[in-house]
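Each chain, letter by letter, is given below.
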Amino acid sequence: MSRFFSKKYDGLTPYVPGEQPKKGQKFVKLNTNESPFPPSPKAVAAGIKAVNGLNLYSDPLCLKLRQTAAGVFGVGAGNVICGNGSDEVLNFAFAAFCDGLTPAVFPDVTYGFYPVFAAQNRVPFVEIPLKDDFSVDVERMAAEKGTLFIANPNAPTGVALSIETIEFLLESDPSRMVVVDEAYVDFGAESAVGLIGKYENLLVTQTFSKSRSMAGARLGLGFAQESVIADIETLRNSLNPYNVNSVTLAMGAAALEDEEYTRANCLVIGKNRERTAEFLRSRGFVVTDSKANFVFASHPEIGGAEFNMKLREKGVLVRHFGRPERIADYNRITVGSAEQMELFEKAVDAILLETLK
Ligand code: PMP
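The structure displayed is predicted, hence computed values, not measured ones.

Visitor: Got a sec to walk through the overall build of the chain? Specific residues and values, please.
Guide: Secondary structure summary: the chain contains eleven helices and twelve strands in total. What you see for the chain is a C-alpha radius of gyration of 20 Å, in line with the 21 Å of a compact globule of 357 residues. The principal-axis extents of the C-alpha atoms in the chain amount to approximately 60 × 50 × 50 Å. Scored against the burial criterion, the 357 residues of the chain give a buried share of 53%. Contacts in the chain between residues at least 24 apart in sequence constitute 73% of all its contacts with a sequence separation of at least 6. Carbon and sulfur atoms provide 55% of the accessible area of the chain, an area that totals close to 16,500 Å². Charged side chains in the chain number 37 positive and 43 negative. The centres of these two groups are separated by 7 Å.

Visitor: Quick one: what's the story with the packing of helix H3 (residues 86–97) against helix H4 (residues 113–120), residue by residue and with numbers?
Guide: For the pair H3 and H4, interaxial distance at closest approach is 9 Å and the crossing angle is 50°. Between H3 and H4, the angle is such that the two are oblique. In the crossing of H3 with H4, the sense of the turn from one axis to the other is right-handed. Side by side, H3 and H4 meet where Asp87, Leu90, Asn91 and Phe94 of the first sit next to Phe113, Tyr114, Phe117, Ala118 and Gln120 of the second.

Visitor: An account of the site of the ligand is requested, with residue identities and associated values reported.
Guide: Lining the immediate environment of the ligand, one finds 13 residues, of which Ser86, Asp181, Tyr184, Thr207 and Ser209 sit closest. Tyr184 places a polar side-chain atom, nitrogen or oxygen, 2.6 Å from an oxygen atom of the ligand. Coverage of the ligand by the protein amounts to 91% of the 400 Å² it exposes when considered alone. Ranked by residues supplied to the shell around the ligand, first place goes to H3 with three residues.

Visitor: I'd like a rundown of the domain arrangement of the chain, residues and numbers included.
Guide: Assigned domains within the chain: domain 1 (19–38 + 260–355) and domain 2 (41–257). Centre-to-centre, using C-alpha coordinates, domain 1 lies 26 Å away from domain 2. Each partner contributes residues to the interface: domain 1 has 26 residues there, and domain 2 has 28 residues. Across the domain 1/domain 2 interface, buried area totals approximately 1,900 Å², and carbon plus sulfur atoms make up 62% of it. On the domain 1 side of the interface with domain 2, the three residues burying the most area are Thr262, Lys291 and Arg326, jointly 29% of the side's total. Where domain 1 packs against domain 2, one counts one salt bridge. Salt-bridge contacts for Arg326 lead to Asp108; the nearest nitrogen and oxygen are separated by 3.0 Å. Linking domain 1 to domain 2 there are nine residue pairs in polar contact (both at pLDDT 80 or more).

Visitor: For the layout of surface pockets, give the residues involved together with the corresponding values.
Guide: One number sums up the size of the largest pocket: a volume of about 1,200 Å³. Along its surface, the largest pocket is lined by 50 residues, and Tyr15, Tyr111, Gly112, Phe113 and Arg319 are the ones closest to its centre. Secondary-structure elements contributing two or more residues to the lining of the largest pocket are H3, strand S3 (104–107), H4 and strand S4 (125–128). Per-element accounting of the lining of the largest pocket gives the leading share, five residues, to H4. Its residues assigned to classes, the lining of the largest pocket comprises 26 nonpolar, 14 polar and ten charged. Here the lining of the largest pocket spans two domains, and each of domain 1 (19–38 + 260–355) and domain 2 (41–257) adds at least three residues to it. Roughly 260 Å³ of internal volume is contained in the second largest pocket. Lining the second largest pocket are Val72, Phe73, Asp186, Gln206, Arg212, Ala255, Leu256, Glu259, Thr262, Arg263 and Cys266. Those elements that provide at least two residues to the lining of the second largest pocket are helix H2 (63–73), helix H8 (246–257) and helix H9 (259–282).

Visitor: Before we move on, could you go through empty space enclosed by the protein and cite the residues and values that matter?
Guide: Across all of its chains, the model carries one cavity of 30 Å³ or more by this definition. The computed volume of the largest cavity comes to approximately 50 Å³. Split by domain, the lining of the largest cavity shows at least three residues from each of two domains, domain 1 (19–38 + 260–355) and domain 2 (41–257).

Rules used in this analysis
Residues numbered from 1 in each chain as written. Predicted model: local features only at pLDDT ≥ 70, side-chain atom pairs only at ≥ 80, totals over all residues. Heavy atoms only, no water. Helix = DSSP H or I, 4+ residues; strand = E, 2+ residues; numbered from the N terminus. Rg over C-alpha atoms; globule rule 2.2 N^0.38 Å. Buried < 20%, exposed > 50% of the residue type's maximum accessible area, 1.4 Å probe, protein only. Contact = heavy atoms within 4.5 Å. Areas by Shrake-Rupley, 256 points an atom, 1.4 Å probe, with all protein chains shown as cover. Lys, Arg positive; Asp, Glu negative; His and termini not counted. Charge placed at Lys NZ, Arg CZ, Asp CG, Glu CD. Axes fitted to C-alpha atoms, helices over the stretch in contact; angles between N-to-C directions. Parallel < 35°, antiparallel > 145°, perpendicular 65-115°, else oblique. Left-handed = near helix turned anticlockwise from the far one by under 90°. Near = heavy atom within 4 Å. Polar contact = N/O pair within 3.5 Å; in protein donor to acceptor, adjacent residues only side chain to side chain. Domains from an automatic or database assignment. Buried area = accessible area lost by both parts, 1.4 Å probe. Salt bridge = Lys/Arg side-chain N within 4 Å of Asp/Glu carboxyl O. 1 Å grid on protein atoms, 1.4 Å probe; cavity = no way out; pocket = protein on both sides within 12 Å on 5 of 7 lines; lining within 4 Å. Points joined across faces, edges and corners; volume = space filled by probe spheres on them. Nonpolar A, V, L, I, M, F, W, Y, C, P; charged D, E, K, R; others polar.

Right, dumping it as structure tokens:
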């Protein structure tokens, strides 16, 4: 740290993204929940075309993308905001809907960026422990004062809440915002976007990084009533009105229009997920009931960090979170293509053979 760094950032611990292999390193990469499939060919064609217009700024209104999203999701364009990844929309939500009197409230085991967003915006946060079965303690979340942040399905567990439970939380205190982070919703959970007309206190975020195979393009959406979107627009236009570049905007609209491609890929990932979970259970692992594009698993006889390291030695990257303590024996394994999962399974069997002699 230099002596010029403002004291207001004392103690700020940044989010640590999963490892991105360097050039020349060859790994089966199952550590950051990316899609194993390329973006839709229609999105790629739209992106290539948009490259020629990069001399001009991107559309600060993101109009075409918002209109396309409105059509696909059955809402109005005024109900949609575009972010540089859904991380940006989530960060705006922490800034817009939390303060000293309104803490952010989220489970103790959830997306690791939430505490960082809170700290970066200097707003307090409360962590509600997941129940022993890794389900969200809905009653305690409902009883807590503050803005709720709920990843549905949750990360890194993959466990999903029903839409009735989301409604219960929305109704628990209509004077507070509930932010539902649907980064993984397309792999098997029910979306709350259809509820935005009914609940003024709902913001739903989605991403193009997972089911739409565009993690590198950085694109996310927020859905809410117009007044809520207008608040976030105030922040977006006070920071960077050109937050989404024009290649990404063009690709995003085309990807949304190619729903068939996305749906087909999600089906494959869902099948591979169930196969992988079955495989791991057959080898003695405890595996959560994931509705996302990853599984969360632990083995009673191999520590989480050790398993992670051994997989890495065998050329497979998965994600290990040391904290909190009770997930230290788990690893989050992104579900990739059938070929990737076969290599993963081979590596697991080799590790079990070496370790459990
Ligand atoms: N929410 C959750 C639960 C995530 O796991 C991620 C991906 N790391 C995001 C949001 C952010 O995704 P992106 O910024 O790529 O849209």
